[in-house]
Amino acid sequence: MSYKIVLIRHGESEWNLKNLFTGWSDPDLSETGHKEAKLGGQLLKKDGFTFDIAYTSFLKRAIHTCNHVLEEMELEWIPVVKNWRLNERHYGALQGLNKSETAAKYGEDQVKIWRRSFDITPPALEADDPRNPQKEAKYANEDPKILPLTESLKITIDRVVPYWENVIKKDVAAGKKVLIAAHGNSLRALVKYLDNISDDEITGLNIPTGVPLVYTLDDNFKPIEHHYLGDQDAINAKINAVKNQGAKK
Ligand code: DG2
């Protein structure tokens, strides 16, 4: 017995295009991002995939990616469950800053620590910042104490993994075919857990925009195999582009 799940990071967002730290900010997909998401859906359809349910975040770049994929697959009718636990890692006070300019100001090493270290948090938003999630209507039903002002990957794992274990995995175990449309770091959190990647090794993992990542899991939900769908050279180029976003210009 084995299970298949598909993860997809949203297509390029307007802020990815401008190379801005995004986190819980809510820009839409760029023109390229819309195309990437549609292509992701076309590749899944061509390879005979189908889904019974999709999970995504509260952020429109992931929601619109999910919609594009389902539209290309003529699966707009399936349930789509949205939850903030799949949101991008909260980038704190870095949100809205340009990654290259931040590297020029604080050094590439510091930006790498903020982007890829396991347990170091970026500087937090002030509680009275208008971007505090406690002030946003979409988080009004959540316990304000658990809404972050900044997050490390470790903290992100602490909300993504319970959502996988307690909610999504139950659908997979029940035989449902599941799509998860989320973000660079919320997916790094899930992949670290599924593949049991060490705290050190995870610093080198970058997830490209808009490319379906197919996991085959065994009875115990341990990965047997995973692969990206599409042209591998193009995918590697995208992975490198993500890696280099923190370089000085
Ligand atoms: C990016 C990831 O998140 O950035 O928040 O800036 O996947 O929602 O575009 P996404 C952000 P890096 O950690 O790769 O810098």
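Described below are features of the structure shown in this document.

The rules we used
Residues numbered from 1 in each chain as written. Predicted model: local features only at pLDDT ≥ 70, side-chain atom pairs only at ≥ 80, totals over all residues. Heavy atoms only, no water. Salt bridge = Lys/Arg side-chain N within 4 Å of Asp/Glu carboxyl O. Helix = DSSP H or I, 4+ residues; strand = E, 2+ residues; numbered from the N terminus. Buried < 20%, exposed > 50% of the residue type's maximum accessible area, 1.4 Å probe, protein only. Near = heavy atom within 4 Å. Polar contact = N/O pair within 3.5 Å; in protein donor to acceptor, adjacent residues only side chain to side chain. Areas by Shrake-Rupley, 256 points an atom, 1.4 Å probe, with all protein chains shown as cover. Expected span 1.5 Å × (residues − 1). Arc of directions from axis to C-beta. Contact = heavy atoms within 4.5 Å.

Re the pattern of salt bridges
Tallying each qualifying case throughout the model produces 13 salt bridges. Its salt-bridge partner being Glu-142, residue Arg-85 comes within 4.0 Å of it at the nearest N-O pair. You can see Arg-85 sitting in the loop between β3 (80-82) and α4 (99-106) and its partner Glu-142 sitting in the loop between α5 (108-116) and α6 (153-173), a full 57 residues away along the chain. Accessibility expressed as a relative area gives 23% for Arg-85, which makes it partly exposed. A salt bridge links Arg-159 to Glu-151, with the shortest nitrogen-to-oxygen separation between them at 2.5 Å.

Re the site of the ligand
Near the ligand, the surroundings consist of 17 residues, among which Glu-88, Tyr-91, Arg-115, Arg-116 and Gly-184 are the closest. A distance of 2.9 Å separates an oxygen atom of the ligand from a polar backbone atom of Thr-22. A distance of 2.6 Å separates an oxygen atom of the ligand from a polar atom in the side chain of Tyr-91. Surface burial for the ligand is 99%, taken as the share of its 390 Å² of free accessible area covered by protein chains.

Some thoughts on helix α2 (residues 31-46)
An α-helix turns once every 3.6 residues. As a result, residues three or four positions apart point the same way. For α2, built from 16 residues, the straight-helix expectation of 22 Å at 1.5 Å per residue is met to within 8% by its first-to-last C-alpha distance of 23 Å. Of the residues making up α2, those classed as buried are Gly-33, Glu-36, Ala-37, Gly-40, Gly-41, Leu-43 and Leu-44. The arc that holds every buried residue of α2, seen down its axis, measures 160°, which confines them to one face. The exposed residues of α2 that point more than 90 degrees off its buried face are Glu-31, Lys-35 and Lys-46. At its buried positions, α2 is contacted by β1 (3-9), α3 (60-72), β5 (212-217) and α8 (232-243).

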